[in-house]
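Now for the letters of each chain:
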Amino acid sequence: MRSRPLAGTTGPQVSNLCLGIMYFGTTVDEKTSFAILDRFAEAGGTFLDTANNYPCWLDGSTGDEGELALGRWLDSRRARDRMVIATKVGARPDPARGTRWISDDGDLGNAEGLAAKTIRQGLEDSLRRLGTDRLDLYYAHIEDRRVPLDETVEAFAELVAEGTVGTLGVSNHATWRIAEARRLAAERTLPGYQVVQQKHTYLKPHQDARFGCQRHVDDELLDYAGTQDDLTVLGYSTLMAGAYTRDDKPLLAQYAHDGSPARLRMLREVADEIGATPNQVVLAWLLGGTVPVLPVIAVSSVAQLEELLPAAELDLAPELRARLDAA
């Protein structure tokens, strides 16, 4: 599998595909989770993504499960030094704040947020669950406008200075907030966010689409990232839970608009021409953009992973990219 550095040339070298393990240890049982992780590593995958709240929304889950499952695999395979581990803080439910978690309109409800104390405690808890003493990439998971931005920036920077975190990331934030956080860090000669992870796929959401607390990669973010040599963009929900290839997985309402059928037809046309699957073409389209977007892939079986692995080395000819972009 091909690889590239995060954060320009200052971050760790990572595989072109990042494996998300949101449901590992829960709806994806541990035996299957370990088999997927084993195959990903065997194929040259090195980049693993989780969060301190995965999957807290399932009945009976606390949010510990994803990190604990990954920690057990890392330990059993003695794989920690071979993997780049990313986790997140900010979206875990905090019972002290009340009973309502994040609402559909993006209100934080009782999400823990991004206060300095929360960021530090979140890291300590994540390190314990993962069974490691250092995190390669640590994300601010969602926006928290209840806390001054400079407090959040300084709290993350302290962890880098102490050596417990390598690279800083930000997810589900407005572009102007990302830019402002980076400006504050630079102004104070502190390490700042160098990785952005937002929802992104080949289909475009309609112009009024809302995703609650989640943010979609848009032209503004790509324009900004294209001017920042030390900023890497990642996309999650890249394959829309199988909606590109499975009839039982309808498009989310945000993508169900008049422009999507033509884009889907072009995707399938290009896939047929080059002997690839639509999923592989989506991932290659993300990776090969003017501003590359590294895909976070989510699978629940080794067979699903096997389909996606070739995308890490699939190059789309300029003419094919132009047709995909114009559809």
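This text follows the structure it describes.
Caption draft 1: Seen up close, the pairing of strand 10 (residues 293-297). The buried fraction of strand 10 is high, at five of five residues. Here strand 10 shows a buried face lined by V293, P295 and I297 and a second buried face lined by L294 and V296. As judged from the two bridges shared by strand 3 (residues 18-20) and strand 10, these two strands associate in the parallel manner. Counted as the bridge partner of L19 is I297 from strand 10. With three bridges joining them, strand 9 (residues 232-236) and strand 10 adopt parallel strand pairing. Bridged to V233 within strand 10 is V293.

Caption draft 2: Spatial organisation of the side chain of H216. Note that H216 resides in the loop between strand 8 (193-199) and helix 6 (219-225). Since its relative accessible area comes to 13%, H216 is described here as buried. Beyond its immediate stretch of four places on either side in the chain, H216 contacts Q198, K199, H200, T201, L203, P205, F211 and Y255.

Caption draft 3: Region of the structure containing the sheet that holds strand 4 (residues 47-49). Taken in spatial order, the eight strands of this closed barrel run 3-4-5-6-7-8-9-10, and their pairing is parallel. For this sheet the average axis-to-axis angle between neighbouring strands, irrespective of direction, equals 30°. Those strands touched by helix 1 (residues 30-42) are strand 3 and strand 4, and its axis lies near 175° from that of strand 3. On top of the sheet, helix 5 (residues 175-187) reaches strand 7 (165-171) and strand 8; it is set at about 170° to strand 8, its chief contact.

Caption draft 4: Focus on the pattern of salt bridges. Applying the stated criterion across every chain yields a total of 27 salt bridges. Salt-bridge contacts for E187 lead to R183; the nearest nitrogen and oxygen are separated by 2.8 Å. Highlighted residues: E187 and R183, both in helix 5, separated by four residues, approximately one helical turn. For E187, a relative accessible area of 53% translates into the label exposed. Salt bridges here are not isolated pairs; linked through shared partners, they connect D64, E67, R92 and R129.

Caption draft 5: Main features of the packing of aromatic side chains. Under the counting rule described, the total for this entry stands at six aromatic pairs. Between Y23 and W57 the ring centres are 6.1 Å apart and the planes differ by 85°, which places this aromatic pair in the edge-to-face class. With Y23 in the loop between strand 3 and helix 1 and W57 in the loop between strand 4 and helix 2 (65-77), this pair connects stretches of sequence that are 34 residues apart. Note on Y23: relative accessible area 30%, which makes it partly exposed. Of the residues examined, W57 reaches a relative accessible area of 36% and is grouped as partly exposed. Ring plane angle 75° and centroid distance 6.0 Å describe the contact between Y54 and W57, whose orientation is recorded as edge-to-face. Every member of this aromatic cluster is reached through a ring pair, and the members are Y23, Y54 and W57. A cation sits over an aromatic face here: R263 above Y202, 4.0 Å from the ring centre.

What counts, and at which threshold
- Residues numbered from 1 in each chain as written.
- Predicted model: local features only at pLDDT ≥ 70, side-chain atom pairs only at ≥ 80, totals over all residues.
- Heavy atoms only, no water.
- Buried < 20%, exposed > 50% of the residue type's maximum accessible area, 1.4 Å probe, protein only.
- Helix = DSSP H or I, 4+ residues; strand = E, 2+ residues; numbered from the N terminus.
- Pairing = 2+ DSSP bridges.
- Contact = heavy atoms within 4.5 Å.
- Axes fitted to C-alpha atoms, helices over the stretch in contact; angles between N-to-C directions.
- Salt bridge = Lys/Arg side-chain N within 4 Å of Asp/Glu carboxyl O.
- Phe/Tyr/Trp six-rings, centres within 6.5 Å; stacked < 30°, edge-to-face > 60°.
- Lys NZ or Arg CZ within 6 Å of the ring centre and 35° of its normal.

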